[in-house]
Amino acid sequence: MIRRLLIPLLLLLPLAVMAQREYSPKFYIGGKGGATLSKMTFSPGVHQKMVQGVTMGVQAIYTEEKIFGLLAEINLTQRGWKEDFERDLAPEFEYSRRLTYIQIPFMTHIYFGSDKFQGFINLGPEFGYMIGSKITANFDYWNIADIPGFPTTMRTNEQLSKEIEKKFDYGIAAGVGMKFTVARRHTFMLEGRYYYGLGNIFKDSKRDFFSASRGMSIEVTLGYLIRVR
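Residues numbered from 1 in each chain as written. Predicted model: local features only at pLDDT ≥ 70, side-chain atom pairs only at ≥ 80, totals over all residues. Heavy atoms only, no water.

1. Points about the overall build of the protein
(1) Moving on: Along the backbone of the protein there are 1 helix and 9 strands.
(2) Moving on: The buried share among the 229 residues of the protein stands at 44%.
(3) Moving on: Carbon and sulfur atoms form 62% of the exposed surface of the protein, whose accessible area is close to 12300 Å². (Helix = DSSP H or I, 4+ residues; strand = E, 2+ residues; numbered from the N terminus. Buried < 20%, exposed > 50% of the residue type's maximum accessible area, 1.4 Å probe, protein only. Areas by Shrake-Rupley, 256 points an atom, 1.4 Å probe, with all protein chains shown as cover.)

Dropping the structure here:
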């Protein structure tokens, strides 16, 4: 029920900002890059840790009011998960899966402060498409039953060799940060952002093994923007 209420509200939030009257419009364009920490929400649960990745892309900000604006980006982002074998008392095994997405956030940009220094909050929906999946492991994850000492009981292993079945992704993103403006037209932006995915990477019908396989991530990025209007 919460998901059904949140998604329409977040989709309409940027449109509500666009409907407000402008009196001092500004338009910025630039690039960003940084690091990600991510894992998955699986049901049944999976013993896992966060895995590191990178994110980079281009962004544009359009402001119409003193404190409101719109932010849009096109990013190349790495997400995924790392199996936690230490919980199974088998730390000699290693497995991680990196999922690479083209992500497009469309967010409300709320900012406050002076012309030189501002704090901000970003909030809105994010859509993506997976363009790559890479597994790194030190064992044969296709034949775990034949591996001596592998913890096949008391843990979920279905995800180890399972192919990605759904490449389209969507979710909710929220970020906070600060902007530093230099010589009026040059701005540096530092942001921490949380993404909660609502789309599953595996099929989720009643006859499928996983009922949930959604991603989440924490991103820290540094961006550079130039004012073009």
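2. Points about the nonpolar core
(1) Moving on: Counting residues in each nonpolar core, the largest one holds 20 residues, and the members touching the most others are F42, F93, L99, F139, F150 and I201.
(2) Moving on: Looking at this core, the elements that each hand over two or more residues are β1 (26-43) and β5 (95-113).
(3) Moving on: Of all the elements, β5 adds the most residues to this core, at 3 residues.
(4) Moving on: Sequence-distant contacts of F42, defined by excluding residues within four places in its chain, comprise Q48, W81, F202, F210, A212 and S213. (Core = buried A, V, L, I, M, F, W, Y, C linked by side-chain atoms within 4.5 Å. Contact = heavy atoms within 4.5 Å.)

3. Observations regarding empty space enclosed by the protein
Over the atoms, a rolling probe the size of a water molecule traces out where space has been left empty.
(1) Moving on: What the rule picks out here adds up to 1 cavity of 30 Å³ or more.
(2) Moving on: Along its surface, the largest cavity is lined by M40, R79, L99, Y101, D169, Y195, G199, I201 and G215.
(3) Moving on: Counting residues per element, the ones that place at least two in the lining of the largest cavity are β5 and β8 (186-200).
(4) Moving on: Residue composition of the lining of the largest cavity, grouped by class: 5 nonpolar, 2 polar and 2 charged. (1 Å grid on protein atoms, 1.4 Å probe; cavity = no way out; pocket = protein on both sides within 12 Å on 5 of 7 lines; lining within 4 Å. Points joined across faces, edges and corners; volume = space filled by probe spheres on them. Nonpolar A, V, L, I, M, F, W, Y, C, P; charged D, E, K, R; others polar.)

4. Brief notes about the packing of aromatic side chains
For any pair of aromatic rings, geometry is given as the distance between the ring centres together with the angle between the planes.
(1) Moving on: This structure, assessed with the given rule, holds 17 aromatic pairs.
(2) Moving on: Their ring planes at 90° and their centres at 5.8 Å tell us that F85 and F139 sit as a pair that is edge-to-face. Pair noted here: F85 is in the loop between β4 (68-83) and β5 and F139 is in the loop between β6 (117-137) and β7 (168-182), with a separation of 54 residues, a long-range link. The residues F85 and F139 share a single accessibility class, namely buried.
(3) Moving on: Taking the centre distance of 5.7 Å and the plane angle of 85° together, the rings of F93 and F139 count as edge-to-face. You can see F93 sitting in the loop between β4 and β5 and its partner F139 sitting in the loop between β6 and β7, a full 46 residues away along the chain. Here F93 matches F139 in class, with each residue buried.
(4) Moving on: Taken together, the ring pairs connect F85, F93, Y95, F139, Y141, W142 and F150 into an aromatic cluster. (Phe/Tyr/Trp six-rings, centres within 6.5 Å; stacked < 30°, edge-to-face > 60°.)

5. Quick look at unusual backbone geometry
(1) Moving on: S43 connects to P44 through a cis peptide bond whose omega is 5°.
(2) Moving on: Relative to the elements of secondary structure, P44 occurs in the loop between β1 and β2 (48-49).
(3) Moving on: One non-glycine residue, M154, adopts positive backbone phi at about 60°.
(4) Moving on: Mapped onto the fold, M154 is located in the loop between β6 and β7.
(5) Moving on: For R184, which is not a glycine, the phi torsion comes out positive at approximately 70°.
(6) Moving on: Position of R184 relative to the elements: it lies in the loop between β7 and β8.
(7) Moving on: Owing to a relative accessible area of 66%, R184 belongs among the exposed residues under this scheme.

6. Some thoughts on the side chain of T36
(1) Moving on: With respect to the secondary-structure elements, T36 resides in strand β1.
(2) Moving on: By relative accessible area, T36 is classed as buried at 2%.
(3) Moving on: A distance of 2.9 Å separates a polar side-chain atom of T36 from the backbone oxygen of Q78.
(4) Moving on: Excluding its chain neighbours within four sequence positions, the residues that come into contact with T36 are V51, Q52, G53, V54, T55, T77, Q78, I218 and E219. (Polar contact = N/O pair within 3.5 Å; in protein donor to acceptor, adjacent residues only side chain to side chain.)

7. Some thoughts on the pattern of salt bridges
(1) Moving on: Overall, the coordinates contain 11 salt bridges when judged by the stated rule.
(2) Moving on: Residues K32 and E73 are paired through a salt bridge, measuring 3.3 Å at the closest nitrogen-oxygen approach. Residue K32 is found in strand β1, and its partner E73 is found in strand β4; the two are separated by 41 residues along the sequence. For the pair K32 and E73, one class covers both residues: buried.
(3) Moving on: Between D88 and R155 there is a salt bridge; the shortest N-O distance is 2.7 Å. Residue D88 is located in the loop between β4 and β5, and its partner R155 is located in the loop between β6 and β7; the two are separated by 67 residues in the primary sequence. The residues D88 and R155 share a single accessibility class, namely buried.
(4) Moving on: Linked by salt bridges that have partners in common, K32, E73, E191 and R193 make up one network. (Salt bridge = Lys/Arg side-chain N within 4 Å of Asp/Glu carboxyl O.)

All we've got here are geometric facts, nothing functional implied.
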